[in-house]
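Listed here are the chains, written in short residue letters.
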Amino acid sequence: MTVNTFDPNASDSCSTTTLGQMLDNQPAKPAQAQPGAARIGFVSLGCPKNLVDSERILTQLRTEGYEVVNRYDNAELVIVNTCGFIDSAVQESLEAIGEALAENGKVIVTGCLGAKEDQIRAIHPKVLEISGPHAYEQVLQHVHTYVPKPAHDPFMSLVPAHGVKLTPKHYAYLKISEGCNHRCTFCIIPSMRGDLESRPIGEVLAEAKRLKEAGVKELLVISQDTSAYGVDVKHRTGFYDGAPVRTSMKALCEELGKLDIWVRLHYVYPYPHVDDVIPLMAQGKILPYLDIPLQHASPRILKLMKRPGAVERTLERIHSWRAICPEITLRSTFIVGFPGETEEDFQMLLDFLEKAELDRVGCFKYSPVDGAQANELPDQVPEEIKEERFVRFMELQQQISTRKLAEKVGKQMWVLIDEVDAEGAIGRTPGDAPEIDGVIYLNGETALKPGALVRVVIEHADEYDLWGSLVDA
């Protein structure tokens, strides 16, 4: 069993689901493709929101009778769902496209980088078709052009009601909206995915119910801006299961809380009405976990970023949230080395960390993104200073994390099991999201199964992870 330590080169914003990995996460009895079905390969890059897009495309492919395969040389066509948020993600996407072209030759590209068709074709002119993010119908039309729909018996090619999922069976991402209305100067998401477009609340809740019925134990609510859910439709009333439900984050959380499974909120912009969901966490309706990207703590830098700048008010709210729900886990992300950041600005950020004592923190060195307004700002910070500030930031947060995790030793907590190997089980507490946060190791517990929810006493902690043992029944 490997203990993961902090890797300063790792990013919590992007991940890759390859041809070989994607089928490993399917249920024990996946839908069976009809013999002779047309075969499609798939590579999914980027964040969980992109993963959900991939799941939707794959679900429709399977519904139409296509077989998804895990080898380039066994596919009649390969789809690459790209990420284009930061330069390293763009490079990874371009390399994945190149690999698919070299190994297969017939490649369709979609996703965020697809919004920059000229950039793709300048390097890979042999790509067959290119489409932007969440262009599900266009992707299917492109597939039909090069690999016509197979004739299939729908009873021989059954797709689960919850669709094809690329996550383990016990947790799933629930995407509630597309796009974003903000214009942060470091971000190009609105130019790729457009303005906010909330999914109908009845549709979201129906999907959540199907996922629970399929065995999902944890829903991770995601979007570009979760707390803005419903703003674009003026929080109009929708309907679910015959009853009216307001299209808002609070109403959504109230309804999801009735499912009696873990519900975790991600990408929550710090609007004032976020305060309204904290009591739901205190009541056990949803997990006491809030992923709220604050980005910086210098009012001047926040203004340059076009982000909210009332830092003292943010600290007051954090203290208020903890007073209402002492168990709450607060996660955030920050950028160091933003153009114009002085040593004084950076010290404000360190001071904020010490005062806020956030539980889980990610940090990124500012990187120019093609098309972002921040590229034109004066006083770009040299790379060596970015690195030095990044290291200082992470060293301080590591001390905070070590102290906060040590406070959990001796306490009992619920743990959701993610993985079991020959040495024991690995799981997560309510304060840990998959892939980006820490884990808890249960050495010797080889009889547990992924998806099991067990009671554990915490026995040891380090900077990021916990160790424990099962509480006797």
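Bear in mind the structure is a predicted one, so any value in this text is a computation, not a measurement.

**Describing the packing of aromatic side chains**
Argument step 1. This structure, assessed with the given rule, holds 6 aromatic pairs.
Argument step 2. With a centroid separation of 6.3 Å and an interplanar angle of 85°, the aromatic rings of Tyr-171 and Tyr-173 are classed as edge-to-face. Each member of the pair, Tyr-171 as well as Tyr-173, carries the same accessibility label: buried.
Argument step 3. Both rings, one in Tyr-441 and one in Trp-467, keep their centres 5.2 Å apart while their planes meet at 25°; by these two values the pair is stacked. In this pair, Tyr-441 is assigned in strand S19 (residues 440–443) and Trp-467 in strand S21 (residues 466–470), connecting sequence segments 26 residues apart.
Argument step 4. On the basis of relative accessibility, which here comes to 1%, the residue Tyr-441 falls in the buried class.
Argument step 5. Ring pairs connect the aromatic residues Phe-334, Phe-352 and Phe-393, which therefore count as one cluster.
Argument step 6. Just above the ring of Phe-390 sits the side chain of Lys-365; from NZ or CZ to the centre is 5.4 Å.
Argument step 7. It is Arg-428 that lies over the ring of Tyr-171; its NZ or CZ is 5.4 Å from the centre.

**Some points on the confidence of the model for the protein**
Argument step 1. The share of residues in the protein with pLDDT of 70 or more is 89%, and the mean pLDDT across the chain is 87.
Argument step 2. Considering only residues more than four positions removed or in separate chains, one finds that residues 1–35, a stretch of pLDDT under 50, has 84 contacts.

**Brief notes about unusual backbone geometry**
Most of the time, phi is negative for any residue but glycine, and the peptide bond is trans.
Argument step 1. Located in the positive-phi region is Glu-357, a residue other than glycine, with phi close to 50°.
Argument step 2. Within the fold, Glu-357 resides in the loop between helix H12 (343–356) and strand S16 (360–365).
Argument step 3. For Glu-435, which is not a glycine, the phi torsion comes out positive at approximately 80°.
Argument step 4. Relative to the helices and strands, Glu-435 is located in the loop between strand S18 (424–428) and S19.
Argument step 5. Residue class for Glu-435 comes out exposed when judged on its relative accessible area of 69%.

**Description of the sheet that holds strand S17 (residues 412–421)**
Argument step 1. Ordered in space as S17-S18-S19-S21-S20, the 5 strands form a closed barrel in which the pairing is mixed. Neighbouring strand axes in the sheet, compared pairwise and without regard to direction, differ in orientation by 50° on average.
Argument step 2. Note that S18 and S19 share 4 bridges and pair antiparallel. Within the sheet, the bridge partner assigned to Ile-426 lies in S19 and is Tyr-441.

**Some thoughts on the side chain of Gln-224**
Argument step 1. Residue placement: Gln-224 occurs in the loop between strand S10 (218–222) and strand S11 (237–240).
Argument step 2. In contact with Gln-224, other than residues within four places in its own chain, are Lys-49, Gly-179, Cys-180, Ile-189, Arg-193 and Tyr-267.

Calculation criteria
Residues numbered from 1 in each chain as written. Predicted model: local features only at pLDDT ≥ 70, side-chain atom pairs only at ≥ 80, totals over all residues. Heavy atoms only, no water. Phe/Tyr/Trp six-rings, centres within 6.5 Å; stacked < 30°, edge-to-face > 60°. Buried < 20%, exposed > 50% of the residue type's maximum accessible area, 1.4 Å probe, protein only. Helix = DSSP H or I, 4+ residues; strand = E, 2+ residues; numbered from the N terminus. Lys NZ or Arg CZ within 6 Å of the ring centre and 35° of its normal. pLDDT = per-residue confidence, 0-100. Contact = heavy atoms within 4.5 Å. Pairing = 2+ DSSP bridges. Axes fitted to C-alpha atoms, helices over the stretch in contact; angles between N-to-C directions.

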